[in-house]
Amino acid sequence: MNKAVYKKIPAITKGDTIGIFSSSAPIEAARFKKGVSNLEALGYKTYCPLDPSRYYGKNDYAFSSASIEERANSLNQLFKNPAIKLLIAARGGDGALELLPYLDFESLSKTPKLIVGFSDI
């Protein structure tokens, strides 16, 4: 029988960097900016490698914020970055499951982070 291995992830504190990712649907630009501003007003730094509002209202990628590869690459960047302490999805929607084959879970296991989201996250 395999034993699960659990790693304690430290709580985030003011000054820590929160990575924002878009695994699914795009978000309206003003709502995204307001959310980022709120996090920064609480004392956190933010980093978002892929603009989750770029394809809002467009059908370039159906109901997704970018191509599968772009979304997976941006999430992998956040996994690998040791400065990122927490990951927050810009929004939910359909599309997160298609990223699974492209994600670098080994990197995530080396720098574990909490992942926060809703819907298909």
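Bear in mind that the values here come from a model prediction, so they are computed numbers and not experimental data.

Conventions used here
Residues numbered from 1 in each chain as written. Predicted model: local features only at pLDDT ≥ 70, side-chain atom pairs only at ≥ 80, totals over all residues. Heavy atoms only, no water. Helix = DSSP H or I, 4+ residues; strand = E, 2+ residues; numbered from the N terminus. Contact = heavy atoms within 4.5 Å. 1 Å grid on protein atoms, 1.4 Å probe; cavity = no way out; pocket = protein on both sides within 12 Å on 5 of 7 lines; lining within 4 Å. Points joined across faces, edges and corners; volume = space filled by probe spheres on them. Nonpolar A, V, L, I, M, F, W, Y, C, P; charged D, E, K, R; others polar. Buried < 20%, exposed > 50% of the residue type's maximum accessible area, 1.4 Å probe, protein only. Pairing = 2+ DSSP bridges. Right-handed = clockwise from strand over helix to strand, strands pointing away.

Attention now moves to the environment of Q77. Looking at the element boundaries, Q77 is found in helix α2 (residues 68-80). In this structure the C-alpha to C-alpha distance between Q77 and G117, which are 40 residues apart in sequence, comes to 18 Å. Once residues within four sequence positions are removed from consideration, Q77 is found in contact with Y47 and P49.

A separate point is the layout of surface pockets. Taken as a whole, the largest pocket spans an internal volume of roughly 210 Å³. Around the largest pocket, the lining is made up of 14 residues, and of these L75, A96, L100, L103 and I121 lie nearest the centre. At the level of elements, α2 and α3 (105-110) are the ones that each hand at least two residues to the lining of the largest pocket. Residues belonging to the lining of the largest pocket are distributed by class as follows: twelve nonpolar, one polar and one charged.

By the secondary structure assignment, N76 is in helix α2. Those residues in contact with N76 that sit more than four places away from it in its chain are Y102, L103 and D104.

Here we come to the pairing of strand β1 (residues 17-21). Among the five residues that make up β1, five are buried, leaving the element largely enclosed by the rest of the structure. Judged by which residues are buried, β1 turns out to be covered on both faces: T17, G19 and F21 on one side and I18 and I20 on the other are all buried. Here β1 pairs with strand β2 (residues 45-47) via three bridges, running parallel. From the neighbouring strand, G19 faces β2, where its bridge partner is Y47. The parallel pair β1 and β2, bridged by helix α1 (residues 29-41), forms a crossover whose chirality is right-handed. Here β1 pairs with strand β3 (residues 84-89) via five bridges, running parallel. Bridge pairing in β3 links I18 to L86.

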